[in-house]
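# Chains, contacts and geometry: an overview
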Amino acid sequence: MSRIGKLPIAILDKAEVTIDGQSVTVKGPKGELNKSFDNSVTIEQVENTIVVQPNGDSRHSRAMFGTVRSIINSMVIGVVNGFSKQLLIKGVGFRATLQGDQLDLALGYSHPVVLTVPAGVQVTVADGTKISITGADKQVVGELAATIYSYFPAEPYKGKGVQIIGQYVRRKEGKKSA
């Protein structure tokens, strides 16, 4: 049994949860999230908590048990508090600009990298080098941050590139001349 899966999910004061079979809808001040799950788990609302139980004793249902619980917990936290990621761009000529829902990144390539910001996610750019991504859906916020990071990850010698704030970038010593 999953230790995480056994824990009940506390429904926060500002969140409103609707369970319709295998579909869970959570509404709150930051937005509304809807997610459907397969029949390997049962989802029930007991008073002011949500309880997730595995259906049967199969390996798949036991594996999905803790995963479904974590996803629903992130949904409840996301619609009330939201999630955010901060990125920092380092390097000469490296910058970011936001034009409507298009994020334009100049990362040293011969062409600009243009990304469309998904619905439900807010992106702000400060000083051309600091990007802040906020939203209610943890998965979408993390995926957008990972996509931006993947275009030019911070390199270990000068630290040039995109860095997720809070992530450790291992620095290496450069070549020595004799």
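Computed from a predicted model, the values in this text were never measured in an experiment.

### Structural notes on the overall build of the chain
Looking only at helices and strands, the chain has three helices and 13 strands in total. Compactness check: the chain gives a C-alpha radius of gyration of 21 Å against a globular reference of 16 Å for 178 residues, more than 25% above the reference. Here the C-alpha coordinates of the chain stretch approximately 65 × 45 × 25 Å along the principal axes. Expressed as a percentage of its 178 residues, the buried residues of the chain come to 37%. Within the chain, residue pairs in contact and separated by at least 24 positions form 49% of the contacts whose partners lie at least 6 positions apart. Accessible surface for the chain amounts to roughly 10700 Å². Of this, 50% is attributable to carbon and sulfur atoms. Of the side chains in the chain, 21 bear a positive and 15 a negative charge, and the two mean positions are spaced by 14 Å.

### A few points about the sheet that holds strand β1 (residues 9-10)
Taking strand neighbours across the sheet as the criterion, the three strands line up as β1-β6-β5 in an open arrangement whose pairing is antiparallel. Of all strands in the sheet, those bounded by a partner on one side alone are β1 and β5 (41-46).

### Observations concerning the packing of aromatic side chains
Going through the model one piece at a time under the given rule, you end up with two aromatic pairs. For the pair F94 and F152, a centre-to-centre distance of 5.1 Å together with 75° between the ring planes defines the contact as edge-to-face. Within this pair, whereas F94 is found in the loop between β7 (83-90) and β8 (95-99), its partner F152 is found in the loop between α3 (138-151) and β13 (161-164), the two being separated by 58 residues in sequence. The burial state of F94 is the same as that of F152; both residues are buried. Here the aromatic rings of Y109 and F152 are separated by 6.1 Å at their centres, their planes lie at 50°, and the arrangement is tilted. Of this pair, Y109 sits in the loop between β9 (102-106) and β10 (113-116) while F152 sits in the loop between α3 and β13, and the two are 43 residues apart along the sequence. Classification of Y109 by relative accessible area gives partly exposed; the value is 41%.

### So, the side chain of S74
One can find S74 in helix α2 (residues 59-80). Residue contacts for S74: discarding those within four places in its chain leaves F83 and K138.

### Things to note about the nonpolar core
In terms of nonpolar packing, the biggest core is built from 21 residues, with L87, I89, L105, V123, I131, I133 and I148 touching the most fellow members. Every element with two or more residues in this core is listed here: β7, β9, β10, β11 (121-126), β12 (130-135), α3 and β13. Residue contributions to this core peak at four residues, all from α3. When residues no more than four places from it in sequence are discounted, the contact partners of I131 are K85, Q86, L87, I89, A96, L105, V123, T124, V125 and I148.

### Details of the sheet that holds β12
The strand order across the open sheet built from four strands is β11-β12-β7-β13, with neighbouring strands paired in antiparallel fashion. Across the chains shown, the open sheet's two edge strands, defined by having one partner strand only, are β11 and β13. The mean inter-strand angle of the sheet, taken between neighbouring strand axes irrespective of direction, is 20°. Both β11 and β12 contribute to a ladder of six bridges, which runs antiparallel. Of the residues in β12, the one forming a bridge with Q122 is T134. Its contacts with the sheet put α3 on β7, β11, β12 and β13, and the angle it makes with β7 is roughly 10°.

### Quick look at the side chain of D104
Tracing the sequence through the fold places D104 in strand β9. Buried within the structure, D104 lacks any salt-bridge partner; R95 is the closest side chain of opposite charge, at an N-O distance of 4.7 Å. Leaving out residues up to four positions away in the same chain, D104 has contacts with R95, A96, T97, Q99, P112, V113 and V114.

Calculation criteria
- Residues numbered from 1 in each chain as written.
- Predicted model: local features only at pLDDT ≥ 70, side-chain atom pairs only at ≥ 80, totals over all residues.
- Heavy atoms only, no water.
- Helix = DSSP H or I, 4+ residues; strand = E, 2+ residues; numbered from the N terminus.
- Rg over C-alpha atoms; globule rule 2.2 N^0.38 Å.
- Buried < 20%, exposed > 50% of the residue type's maximum accessible area, 1.4 Å probe, protein only.
- Contact = heavy atoms within 4.5 Å.
- Areas by Shrake-Rupley, 256 points an atom, 1.4 Å probe, with all protein chains shown as cover.
- Lys, Arg positive; Asp, Glu negative; His and termini not counted.
- Charge placed at Lys NZ, Arg CZ, Asp CG, Glu CD.
- Pairing = 2+ DSSP bridges.
- Phe/Tyr/Trp six-rings, centres within 6.5 Å; stacked < 30°, edge-to-face > 60°.
- Core = buried A, V, L, I, M, F, W, Y, C linked by side-chain atoms within 4.5 Å.
- Axes fitted to C-alpha atoms, helices over the stretch in contact; angles between N-to-C directions.
- Salt bridge = Lys/Arg side-chain N within 4 Å of Asp/Glu carboxyl O.

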